[in-house]
Amino acid sequence: MVRTPLTPEERERGERLGLLLREARHGRSMVEVAASAGLSAETLRKIETGRAPTPAFFTVAALALTLGLSMDEIAASCSPVTV
(Lines give C-alpha, C1' and ligand atoms only; values in the text may rest on other atoms or scores of the structure.)
Protein backbone atom coordinates (compact mmCIF):
# COMPACT_ATOMS: atom_id res chain seq x y z
CA MET A 1 0.00 0.00 0.00
CA VAL A 2 1.38 3.38 -0.99
CA ARG A 3 0.56 6.24 1.29
CA THR A 4 -0.26 9.61 -0.23
CA PRO A 5 2.12 12.38 0.84
CA LEU A 6 0.90 14.59 3.63
CA THR A 7 -0.13 18.12 2.88
CA PRO A 8 1.67 20.99 4.61
CA GLU A 9 -1.49 21.50 6.68
CA GLU A 10 -1.46 17.88 7.85
CA ARG A 11 2.20 18.16 8.84
CA GLU A 12 1.50 21.41 10.71
CA ARG A 13 -1.46 19.85 12.52
CA GLY A 14 0.77 16.93 13.54
CA GLU A 15 3.38 19.33 14.91
CA ARG A 16 0.71 21.13 16.96
CA LEU A 17 -0.52 17.79 18.32
CA GLY A 18 3.03 16.85 19.30
CA LEU A 19 3.54 20.16 21.09
CA LEU A 20 0.25 19.79 22.98
CA LEU A 21 1.15 16.28 24.12
CA ARG A 22 4.65 17.30 25.23
CA GLU A 23 3.23 20.20 27.24
CA ALA A 24 0.48 17.99 28.75
CA ARG A 25 3.04 15.49 30.07
CA HIS A 26 4.03 18.09 32.72
CA GLY A 27 7.43 16.52 33.33
CA ARG A 28 6.22 12.92 33.25
CA SER A 29 8.55 10.74 31.24
CA MET A 30 7.69 9.69 27.73
CA VAL A 31 8.04 6.04 28.81
CA GLU A 32 5.60 6.49 31.71
CA VAL A 33 2.96 8.23 29.58
CA ALA A 34 3.32 5.76 26.72
CA ALA A 35 2.99 2.76 29.05
CA SER A 36 -0.08 4.28 30.73
CA ALA A 37 -1.67 4.80 27.32
CA GLY A 38 -0.78 1.31 26.11
CA LEU A 39 1.69 2.56 23.50
CA SER A 40 5.37 2.11 22.90
CA ALA A 41 7.63 5.00 23.83
CA GLU A 42 8.79 5.01 20.20
CA THR A 43 5.23 5.59 18.96
CA LEU A 44 4.76 8.47 21.39
CA ARG A 45 8.12 9.92 20.37
CA LYS A 46 7.13 9.83 16.70
CA ILE A 47 3.81 11.56 17.45
CA GLU A 48 5.44 14.21 19.63
CA THR A 49 8.12 15.00 17.05
CA GLY A 50 5.70 15.09 14.12
CA ARG A 51 7.14 12.00 12.43
CA ALA A 52 3.71 10.36 12.85
CA PRO A 53 1.48 13.38 12.24
CA THR A 54 -1.75 11.44 11.68
CA PRO A 55 -2.02 8.89 14.52
CA ALA A 56 -5.03 6.61 14.78
CA PHE A 57 -8.09 7.91 16.63
CA PHE A 58 -7.82 5.35 19.42
CA THR A 59 -4.15 6.21 19.93
CA VAL A 60 -5.05 9.87 20.39
CA ALA A 61 -7.98 8.91 22.65
CA ALA A 62 -5.70 6.78 24.87
CA LEU A 63 -3.19 9.63 25.15
CA ALA A 64 -5.96 12.12 25.92
CA LEU A 65 -7.25 9.93 28.74
CA THR A 66 -3.77 9.39 30.15
CA LEU A 67 -2.90 13.09 30.01
CA GLY A 68 -6.25 14.41 31.22
CA LEU A 69 -7.06 16.13 27.93
CA SER A 70 -10.45 16.18 26.28
CA MET A 71 -10.80 15.30 22.64
CA ASP A 72 -12.33 18.76 22.20
CA GLU A 73 -9.14 20.35 23.54
CA ILE A 74 -7.05 18.29 21.14
CA ALA A 75 -9.27 19.10 18.18
CA ALA A 76 -9.23 22.80 18.99
CA SER A 77 -5.47 22.99 19.36
CA CYS A 78 -4.86 21.00 16.17
CA SER A 79 -7.38 22.80 13.99
CA PRO A 80 -6.00 24.86 11.12
CA VAL A 81 -4.92 28.32 12.12
CA THR A 82 -7.05 30.96 10.38
CA VAL A 83 -5.65 34.36 9.67
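Owing to the predicted nature of the structure, the values given are computational and were not obtained by experimental measurement. Throughout, residues of each chain are indexed from 1 in the direction in which the sequence is written. Local features in this predicted model are restricted to residues whose pLDDT is 70 or higher, and side-chain atom pairs enter the listing and the counts only when it is 80 or higher, whereas totals over whole chains, interfaces and linings include all residues. Only hydrogens and water are set aside; all other atoms, that is, all heavy atoms of the structure, feed into the side-chain values.

Caption draft 1: Examining the overall build of the protein more closely. Numbering of helices and strands runs from the N terminus; a helix is a DSSP stretch of H or I covering at least four residues, while a strand is a stretch of E covering at least two. When helices and strands are tallied, the protein shows five helices and zero strands. Taken from N to C terminus, the helices and strands of the protein fall in the order α-α-α-α-α. Against the compact-globule benchmark of 12 Å for 83 residues, the protein has a radius of gyration of 12 Å, which places it among compact chains. Projected onto its principal axes, the C-alpha positions of the protein cover 35 × 30 × 20 Å. For the exposure calls, accessible area comes from a 1.4 Å probe over protein chains only, and a residue counts as buried if that area is under 20% of its type's maximum, exposed if over 50%, partly exposed in between. When each of the 83 residues of the protein is scored for burial, the buried share is 30%. In what follows, a contact means two residues having at least one pair of non-hydrogen atoms within 4.5 Å. Look at the contacts in the protein between residues 6 or more apart in sequence, and 64% of them connect residues 24 or more apart. Computation of the radius of gyration draws on C-alpha atoms, with the globule rule given as 2.2 Å multiplied by the number of residues to the power 0.38.

Caption draft 2: Structural context of helix H3 (residues 41-49). Within H3 the residues assigned to the buried category are Leu44, Ile47 and Glu48. Here the buried residues of H3 occupy an arc of 95° about the axis, which is enough to place them on one side. Buried residues in H3 make contact with helix H1 (8-24), helix H2 (30-37) and helix H4 (57-67). Once H3 finishes, Gly50 follows within two positions and takes phi at roughly 85°, a positive value. Think of the arc as the fan of directions from the helix axis to the C-beta atoms.

Caption draft 3: Spotlight on the nonpolar core. What we call a nonpolar core is a set of buried Ala, Val, Leu, Ile, Met, Phe, Trp, Tyr and Cys residues that are connected through their side-chain atoms within 4.5 Å. Core analysis: the largest hydrophobic core is formed by 17 residues, its most contacted members being Leu17, Leu21, Leu44, Leu63, Leu67, Leu69 and Ile74. Secondary structure elements with two or more residues in this core: H1, H2, H3, H4 and helix H5 (71-78). Sequence-distant contacts of Ile74, defined by excluding residues within four places in its chain, comprise Leu17, Leu20, Val60, Ala64 and Leu69.

Caption draft 4: Main features of the packing of aromatic side chains. To pair, rings of Phe, Tyr and Trp, with the six-membered ring standing in for Trp, must have centres within 6.5 Å; the planes then decide the type, stacked if under 30 degrees apart, edge-to-face if over 60, and tilted in the middle. Here the structure, examined in full by the defined rule, presents one aromatic pair. With 5.2 Å between their ring centres and 85° between their planes, Phe57 and Phe58 make a pair best called edge-to-face.

Caption draft 5: How the structure looks around a nonpolar patch on the surface. A contiguous nonpolar surface patch, about 360 Å² in accessible area, is contributed by Phe57, Phe58 and Met71. With respect to the helices and strands, Phe57 occurs in helix H4. Using a relative accessible area of 52% as the deciding quantity, one classes Phe57 as exposed. Only residues whose relative accessible area exceeds 30% and that form no salt bridge are eligible for patches; like-charged ones are grouped when within 9 Å, while nonpolar side chains (Val, Leu, Ile, Met, Phe, Trp, Tyr) are grouped when within 5 Å. Method for areas: the Shrake-Rupley scheme with a 1.4 Å probe, in which residue coverage is limited to the protein chains shown. When a carboxyl oxygen of Asp or Glu is within 4 Å of a side-chain nitrogen of Lys or Arg, the pair counts as a salt bridge.

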